[in-house]
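Commentary on secondary and tertiary structure
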Amino acid sequence: MKIQIDITNDSGNHTLTATLAANSSATAFYELLKKRAVTVDMHDYDSFEKVGSLGTSLPRNDTQITTSAGDIILYQGNQITIYYDVNSWNFTRLGKIDGTTQTELKKILGKGNVTAVFSVQRH
C-alpha cells in the first residue's frame, strides 16, 4: 500500500511517497484515505518529529519501537507523527517515507509548522 504526502511549509511544497506497514492500523488508514485525502496541521515536538491530530481514531497496534527518520507513526490512536530523528516509545508504525534521507527530511519539514495532506498515491 502506497500513499502520497504533500507537505507545505515556509519554503514551499514538497511531495513524498510512503509505503504503509502490514498491520490493521495502516490498513484502516489506507481505507480512510481511499474515501478522502486527510489534511493534518503538524507542529514540531522536541526537535525530532512533526505531530498533528488525524481528526479520527484508528485501531492501535502499539509496540515498543525506536523510530528513525521517515517513520510515520500513529500516536494514541488519533495523532499522526512524521519522524525526522530517533525516539523510543510505545507506538504503532503506520509506514515509512520512501527514499528520503534524514537531512532531506529535516529540510522538507522545516523548523515551523507544516500542513501535510495524506492521500492514496496517484500513478
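All of the points below concern the structure found in this document.

With that settled, the discussion passes to the overall build of the protein. Of regular secondary structure, the protein possesses 2 helices and 9 strands. Written out in order from the N terminus, the α and β elements of the protein read β-β-α-β-β-β-β-β-β-α-β. Relative to the globule expectation of 14 Å for 123 residues, the C-alpha radius of gyration of the protein, 13 Å, shows essentially globular dimensions. With the principal axes as the frame, the protein shows a C-alpha extent of 35 × 35 × 25 Å. Of all 123 residues assigned to the protein, the portion counted as buried reaches 45%. Pairs at least 24 apart in sequence give 64% of the contacts found in the protein among residues at least 6 apart. As displayed, the protein offers around 6,200 Å² of accessible surface, 47% of which is attributable to carbon and sulfur atoms.

Our next topic: the pairing of strand 8 (residues 88-97). Here strand 2 (residues 12-20) runs beside strand 8; their pairing, made up of 3 bridges, is antiparallel. Looking at strand 8, one finds that A18 is bridged to I97. Note that strand 5 (residues 63-66) and strand 8 share 4 bridges and pair antiparallel. Following the sheet pairing, I65 is matched in strand 8 by W89. With 4 bridges connecting them, strand 6 (residues 71-75) and strand 8 associate as antiparallel partners. Bridging across to strand 8, D71 finds its partner in K96.

With that settled, consider helix 1 (residues 24-35). For helix 1, which comprises 12 residues, the first-to-last C-alpha distance of 17 Å matches the rise-based estimate of 16 Å (1.5 Å per residue) to within 8%. Of all the residues in helix 1, the buried ones are S25, A26, F29, Y30, L32 and L33. Viewed along the axis of helix 1, the buried residues span an arc of 160 degrees, placing them on a single side of the element. In this structure N23 caps helix 1, since a side-chain oxygen of it lies 3.0 Å from the backbone nitrogen of S25.

What counts as what
- Residues numbered from 1 in each chain as written.
- Predicted model: local features only at pLDDT ≥ 70, side-chain atom pairs only at ≥ 80, totals over all residues.
- Heavy atoms only, no water.
- Helix = DSSP H or I, 4+ residues; strand = E, 2+ residues; numbered from the N terminus.
- Rg over C-alpha atoms; globule rule 2.2 N^0.38 Å.
- Buried < 20%, exposed > 50% of the residue type's maximum accessible area, 1.4 Å probe, protein only.
- Contact = heavy atoms within 4.5 Å.
- Areas by Shrake-Rupley, 256 points an atom, 1.4 Å probe, with all protein chains shown as cover.
- Pairing = 2+ DSSP bridges.
- Expected span 1.5 Å × (residues − 1).
- Arc of directions from axis to C-beta.
- Polar contact = N/O pair within 3.5 Å; in protein donor to acceptor, adjacent residues only side chain to side chain.

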